[in-house]
Amino acid sequence: MSLNKVMLIGNVGKDPEVRHLESGVPVVTIPIATTERYKDKNGEVKEQTEWHNVVLWRALAEFTEKYVHKGKQIYIEGKLRSRSWEDQSGQKRYTTEVIADTIQLLGKKSDTEQQSGGPAADKTAAPAEPVIEQPEGDDLPF
């Protein structure tokens, strides 16, 4: 038995990059930053930020394109996938990505409304955003 599961809570580093396959299937990529804070041996607070490349397909891609923007805090669940390719100079390149199967917007609802230009009514705690999941059995094309 094996398990390939990733859970991230972090901030989106730039607006979603959207593309469509020849078949019309939408795919979105976004970088997510997670930051770990700790005290070093001298008691100074240090931060270490990791960047994660996240790929979202189909309905998740459409949702991300519409509601996710740079700076937004999100929760992602998915699996790690490594791949390689040859760049234009013939150099072999490698990358590891998180293939998302769940996304949830975090933070206050008013934060999202302010980003989209909507009303920013109550700034107190708002209900959680819906969790969007990839349907079961929806094989990804790779």
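Structure: see above.
First, a word on scope: everything that follows refers to the structure included in this document. Not measured: the values here are computed from a predicted model.

1. Concerning the overall build of the protein
Here is step 1: Secondary structure assignment for the protein yields two helices and seven strands.
Here is step 2: Ordering the α and β elements of the protein from the N terminus gives β-β-β-β-α-β-β-α-β.
Here is step 3: Relative to its full complement of 142 residues, the protein shows a buried share of 30%.
Here is step 4: Contacts in the protein between residues at least 24 apart in sequence constitute 60% of all its contacts with a sequence separation of at least 6.
Here is step 5: Accessible surface for the protein amounts to roughly 9,600 Å². Of this, 47% is attributable to carbon and sulfur atoms.

2. A word on the pairing of strand β5 (residues 73-86)
Here is step 1: Strand direction decides the pairing type here: strand β1 (residues 6-12) and β5, joined by six bridges, are antiparallel. By the bridge assignment, Val-6 is partnered in β5 with Gly-78.
Here is step 2: Linking β5 back to strand β6 (residues 92-105) in an antiparallel pair, the connection comprises five residues, with Gly-90 at a positive phi of about 85°.

3. Concerning helix α1 (residues 58-67)
Here is step 1: Those residues of α1 lying buried are Leu-60, Ala-61, Phe-63 and Thr-64. One side of α1 holds all its buried residues, which, seen down the axis, span an arc of 165°.

4. Side note on the nonpolar core
Here is step 1: Of all hydrophobic cores here, the largest spans 18 residues; its most connected members are Ile-30, Val-54, Leu-56, Val-68, Ile-74, Ile-76 and Ile-103.
Here is step 2: Residue assignment for this core shows that the elements contributing at least two residues are β1, β3 (26-39), β4 (45-57), α1, β5 and β6.
Here is step 3: In contact with Ile-30, other than residues within four places in its own chain, are Val-12, Lys-14, Pro-16, His-52, Asn-53, Val-54, Leu-56, Thr-64, Val-68 and Ile-74.
Here is step 4: Val-27, Val-55, Trp-57 and Ile-99 belong to the second-largest nonpolar core, a separate cluster that totals five residues.

Conventions adopted
Residues numbered from 1 in each chain as written. Predicted model: local features only at pLDDT ≥ 70, side-chain atom pairs only at ≥ 80, totals over all residues. Heavy atoms only, no water. Helix = DSSP H or I, 4+ residues; strand = E, 2+ residues; numbered from the N terminus. Buried < 20%, exposed > 50% of the residue type's maximum accessible area, 1.4 Å probe, protein only. Contact = heavy atoms within 4.5 Å. Areas by Shrake-Rupley, 256 points an atom, 1.4 Å probe, with all protein chains shown as cover. Pairing = 2+ DSSP bridges. Arc of directions from axis to C-beta. Core = buried A, V, L, I, M, F, W, Y, C linked by side-chain atoms within 4.5 Å.

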